[in-house]
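Notes for the structure review
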Amino acid sequence: MRDAWTEARDRDAEGRARSARPRDGLGRPLPYGAPGVERQPEGVVRTPEETVAEAQALLDAGKPFHAHEVFEDAWKSGPEAERTLWRGLAQLAVGLTHAARGNATGGARLLRRGAGAVEEWAGGGGGPRPHGIDVDGLARWARELAGRVEGGAGSVDAKGEAPRLRGSR
């Protein structure tokens, strides 16, 4: 039986909680009716090339939360053998999201966790440049940013700190 509280909550067609509130570029909820950024569609199956290109465009636009959702789609729909890679990349993007929101502890933790996951995947036979992704460079970037954030850098500029997934510009 559904009560008034349950009825008032935003739900999708299957009854799962899905907030209809608009969100900002870092995924934070805004008041109902406020202008927000377009959400990333969920459950999209992309090729690895499409995933990397779309995630990089979102990172370059200062939208790491949205890039995380693209990586999450790859993690959930891709081959089992690549799930650790895509999960690690999602953790890097959400780590940048938390750092940009001013959450130093969570941001640093997720950046380091993501760096470890992509290195674990590469070390397990995945190689250092899966789909052209610079795993070693991303791990260095993540650890360096985690150290700066923990060292009191405060909130970081998500666009200015966006990593290059395939290496230097």
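Quick summary incoming for the structure in this document.

Criteria and cut-off values
Residues numbered from 1 in each chain as written. Predicted model: local features only at pLDDT ≥ 70, side-chain atom pairs only at ≥ 80, totals over all residues. Heavy atoms only, no water. Phe/Tyr/Trp six-rings, centres within 6.5 Å; stacked < 30°, edge-to-face > 60°. Helix = DSSP H or I, 4+ residues; strand = E, 2+ residues; numbered from the N terminus. Buried < 20%, exposed > 50% of the residue type's maximum accessible area, 1.4 Å probe, protein only. Lys NZ or Arg CZ within 6 Å of the ring centre and 35° of its normal. Contact = heavy atoms within 4.5 Å. Core = buried A, V, L, I, M, F, W, Y, C linked by side-chain atoms within 4.5 Å. 1 Å grid on protein atoms, 1.4 Å probe; cavity = no way out; pocket = protein on both sides within 12 Å on 5 of 7 lines; lining within 4 Å. Points joined across faces, edges and corners; volume = space filled by probe spheres on them. Nonpolar A, V, L, I, M, F, W, Y, C, P; charged D, E, K, R; others polar. Expected span 1.5 Å × (residues − 1). Arc of directions from axis to C-beta.

Each aromatic ring pair is specified by the distance between its two centres and by the angle formed by the two planes. Scanning the entire structure with this criterion turns up one aromatic pair. Geometrically, the ring pair formed by Phe 71 and Trp 86 is stacked, given 6.2 Å between the ring centres and 25 degrees between the ring planes. Remark: Trp 86 occurs in helix α4 (residues 83-100) and Phe 71 occurs in helix α3 (residues 64-77); sequence separation between them is 15 residues. The residues Phe 71 and Trp 86 share a single accessibility class, namely buried. The ring of Tyr 32 carries the charged tip of Arg 21 above its face, separated from the ring centre by 5.9 Å.

Here the focus is the environment of Leu 111. By the element assignment, Leu 111 lies in helix α5 (residues 104-126). C-alpha of Leu 111 to C-alpha of Ala 139: the two residues are 28 residues apart in sequence and 8.4 Å apart in space. Contact partners of Leu 111, with chain neighbours within four places excluded, come to Leu 92, Gly 95, Leu 96, Trp 141, Ala 142, Leu 145 and Ala 146.

The biggest cluster of nonpolar side chains holds 37 residues, and the ones touching the most others in it are Phe 71, Trp 86 and Leu 89. Listed by contribution, the elements that provide at least two residues to this core are α2 (48-60), α3, α4, α5 and α6 (135-153). The leading source of residues in this core is α4, at nine residues. In contact with Phe 71, not counting residues within four places along its chain, are Thr 51, Ala 55, Trp 86, Leu 89, Ala 90, Ala 93 and Leu 165.

Here Gln 91 shows up in helix α4. A relative accessible area of 12% means that Gln 91 is categorised as buried. Residues in contact with Gln 91, not counting those within four places in the same chain, are Leu 110, Arg 113, Gly 114 and Ala 117.

Before going further, it helps to examine empty space enclosed by the protein. Within the structure shown, the criterion is met by one cavity of 30 Å³ or more. By volume, the largest cavity is sized at about 50 Å³. Every residue lining the largest cavity is listed: Leu 59, Phe 71, Leu 89, Leu 92, Ala 93, Trp 141, Pro 163 and Leu 165. Looking at the lining of the largest cavity, its residues break down into eight nonpolar, no polar and no charged.

A separate point is α6. Helical geometry note: an α-helix holds 3.6 residues per turn, so side chains three or four residues apart project in the same direction. Looking at α6, one finds that the buried residues are Val 135, Gly 137, Leu 138, Ala 139, Trp 141, Ala 142, Leu 145, Ala 146 and Val 149. Two residues or fewer past α6, Gly 154 is found with a positive phi of approximately 75 degrees.

So, on to the environment of Gly 151. Examined against the element boundaries, Gly 151 turns out to sit in helix α6. Separated by 47 residues in sequence, Gly 151 and Ala 104 place their C-alpha atoms 8.8 Å apart.

Let us look at unusual backbone geometry. Even without glycine at this site, His 131 takes up a positive phi of about 55 degrees. Mapped onto the elements of the fold, His 131 is located in the loop between α5 and α6.

So, on to α2. Compared with the 18 Å implied by 1.5 Å per residue over 13 residues, the 18 Å span of α2 between its first and last C-alpha is a close match. Those residues of α2 lying buried are Thr 51, Val 52, Ala 55, Gln 56, Leu 58 and Leu 59. With its buried residues spanning 160 degrees around the axis, α2 presents them on a single face. The inward-facing, buried residues of α2 abut α3 and α4.

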